[in-house]
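Letter by letter, the chains look like this.
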Amino acid sequence: MIIHKEYALRRFCEVPLKHEGCRDLLEKICAQPTQLQRLVFVTTRAYLPNTMVISQQGSGGVPFELSLGSEEEQLILVNGGLQRKTQKTQEVCLTDPALAWEALQSYWGLIHVQLVFSGDTPDWYRDIAVPNEAVPPELAPGFASFVREQIDLLLWAITLKARLDEALDRRDAELFYDTVPLYKHVLQSCFWEL
């Protein structure tokens with residue numbers, strides 16, 4: 001597998017890159033087998049922690065980015081309404097490949113690497129790139145987001161129903177009347193029936 005990763009990086013560098021410093025970074029990675037082993041090539045880095053993206057000249061992607069950390073989405077209640085909150089825990093977010101090499105020296109986890117091509121994705125990359133399970137390729141990008149939102153609404157409805165049951169058990173009229181409008185709103189937004 002290491003040979004395939006090195007081959008992929010060297011083939012990718014045959015075309016000019018948007019940030020020329022990326023070529024030096026990739027050569028350093030190829031020269032160190034322990035660094036090379038930690039790379040996992042992906043079709044898209046969306047929703048993945050610890051990512052690196054490198055783009056060829058003429059592509060639509062960002063030139064270079066190394067992001068070490070994680071991303072988490074939550075549904076929260078704000079002023080009686082539901083809001084989606086994305087919480088990112090980034091230890092490092094770099095756009096300079098020279099600084100990225102220094103950061104990689106002290107990081108020992110997997111790095112999800114997305115190579116962005118100026119034209120069609122070559123077969124050799126499709127052979128080694130792992131599809132991102134967080135984004136099913138057969139689904140439209142909006143559909144995956146819709147499903148996640150509906151699951152969040154369903155979970156929020158279950159939580160609110162438990163709060164209503166608790167208010168009834170304790171005979172807490174204030175909690176009950178504060179929770180009912182929100183519960184009704186969530187039920188109207190949810191496509192599943194509870």
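Before any of the text, the structure's been laid out above.
Residues numbered from 1 in each chain as written. Predicted model: local features only at pLDDT ≥ 70, side-chain atom pairs only at ≥ 80, totals over all residues. Heavy atoms only, no water.

Chemist: Got a sec to walk through the overall build of the protein chain? Specific residues and values, please.
Modeler: Counting its secondary structure elements, the protein chain contains seven helices and five strands. Mapped in sequence order, the helices and strands of the protein chain form the string α-α-α-β-β-β-β-α-β-α-α-α. For the protein chain, the proportion of its 194 residues judged to be buried stands at 34%. Contacts in the protein chain between residues at least 24 apart in sequence constitute 66% of all its contacts with a sequence separation of at least 6. (Helix = DSSP H or I, 4+ residues; strand = E, 2+ residues; numbered from the N terminus. Buried < 20%, exposed > 50% of the residue type's maximum accessible area, 1.4 Å probe, protein only. Contact = heavy atoms within 4.5 Å.)

Chemist: Could you give an account of the packing of helix α2 (residues 21-31) against helix α4 (residues 97-105), with specific residues and numbers?
Modeler: Between α2 and α4, the least distance of the axes is 8 Å, while the angle of their chain directions is 25°. By the criterion of interaxial angle, the relationship of α2 to α4 is roughly parallel. Touching Gly21, Cys22, Leu25, Lys28 and Ile29 of α2 are Pro97, Ala100, Trp101 and Leu104, all from α4. Its residues assigned to classes, the contact of α2 with α4 shows seven nonpolar, one polar and one charged. (Axes fitted to C-alpha atoms, helices over the stretch in contact; angles between N-to-C directions. Parallel < 35°, antiparallel > 145°, perpendicular 65-115°, else oblique. Nonpolar A, V, L, I, M, F, W, Y, C, P; charged D, E, K, R; others polar.)

Chemist: Tell me what's going on with a nonpolar patch on the surface, and back it up with residues and numbers.
Modeler: Taken together, the side chains of Ile151, Leu155 and Ile158 make up a nonpolar region of the molecular surface, amounting to roughly 270 Å² of accessible area. Relative to the elements of secondary structure, Leu155 occurs in helix α6 (residues 141-170). (Patch = residues over 30% accessible without salt bridge, like charges linked within 9 Å, V, L, I, M, F, W, Y side chains within 5 Å. Areas by Shrake-Rupley, 256 points an atom, 1.4 Å probe, with all protein chains shown as cover. Salt bridge = Lys/Arg side-chain N within 4 Å of Asp/Glu carboxyl O.)

Chemist: Any details on the nonpolar core? Residues and values, ideally.
Modeler: Counting 32 residues, the largest nonpolar core has Ile29, Leu39, Phe41, Met52, Ile54 and Leu66 as its most contacted members. For this core, the secondary structure elements donating two or more residues are α1 (2-12), α2, β1 (39-41), β2 (51-55), β3 (64-78), α4, β5 (111-116) and α5 (123-128). Excluding anything up to four places from it in sequence, Ile54 contacts Phe12, Leu17, Cys22, Leu26, Pro63, Phe64, Gln114, Leu115 and Val116. (Core = buried A, V, L, I, M, F, W, Y, C linked by side-chain atoms within 4.5 Å.)

Chemist: Run through α2, naming residues and quoting values.
Modeler: For α2, every residue scored as buried is listed here: Cys22, Leu25, Leu26, Ile29 and Cys30. Summarising the axial view, the buried residues of α2 lie within an arc of 135°, below the 170-degree limit, and thus occupy one face. (Arc of directions from axis to C-beta.)

Chemist: Let's hear about the side chain of His112: which residues, and what values?
Modeler: With respect to the helices and strands, His112 occurs in strand β5. Apart from residues no more than four positions distant in its own chain, His112 is found in contact with Val40, Val42, Leu48, Pro49, Asn50, Thr51 and Met52.

Chemist: Quick one: what's the story with the pattern of salt bridges, residue by residue and with numbers?
Modeler: By the definition in use, this model includes eight salt bridges. We note a salt bridge from Lys161 to Asp165, for which the minimum N-O separation is 3.0 Å. Of this pair, Lys161 and Asp165 both sit in helix α6, four residues apart, roughly one helical turn. Lys161 gets classed as partly exposed once you look at its relative accessible area, which sits at 37%. Classification of Asp165 by relative accessible area gives partly exposed; the value is 32%. When salt bridges with common partners are traced through the structure, they connect Glu166, Arg170 and Asp172 into a single cluster.

Chemist: Outline the pairing of β2, supporting the account with residue identities and numerical values.
Modeler: Across the five residues that make up β2, a large majority, five, are buried. Both faces of β2 are covered, namely the face carrying Thr51, Val53 and Ser55 and the face carrying Met52 and Ile54. Pairing of β2 with β5 involves five bridges; the strand directions are parallel. When the sheet's bridge partners are listed, Thr51 is paired in β5 with His112. (Pairing = 2+ DSSP bridges.)

Chemist: Any details on the packing of aromatic side chains? Residues and values, ideally.
Modeler: Each aromatic ring pair is summarised here by two numbers: the centre-to-centre distance and the angle between the ring planes. Taken as a whole, this structure holds seven aromatic pairs when the rule is applied. Seen in terms of ring centroids, Phe117 and Trp124 are 5.7 Å apart; in terms of plane orientation they differ by 80°. Their pairing is edge-to-face. Site record: aromatic cluster; members linked through ring pairs are Tyr7, Phe12, Phe41, Phe117, Trp124 and Tyr125. (Phe/Tyr/Trp six-rings, centres within 6.5 Å; stacked < 30°, edge-to-face > 60°.)

Chemist: Can you tell me about unusual backbone geometry, naming the residues and giving the values?
Modeler: Here the phi dihedral of Asn50 falls at roughly 55°; this positive angle occurs in a residue that is not glycine. Inspection of the secondary structure assignment puts Asn50 in the loop between β1 and β2. Residue Arg171 is not a glycine yet carries a positive backbone phi of 55°. Here Arg171 lies in the loop between α6 and α7 (173-189).

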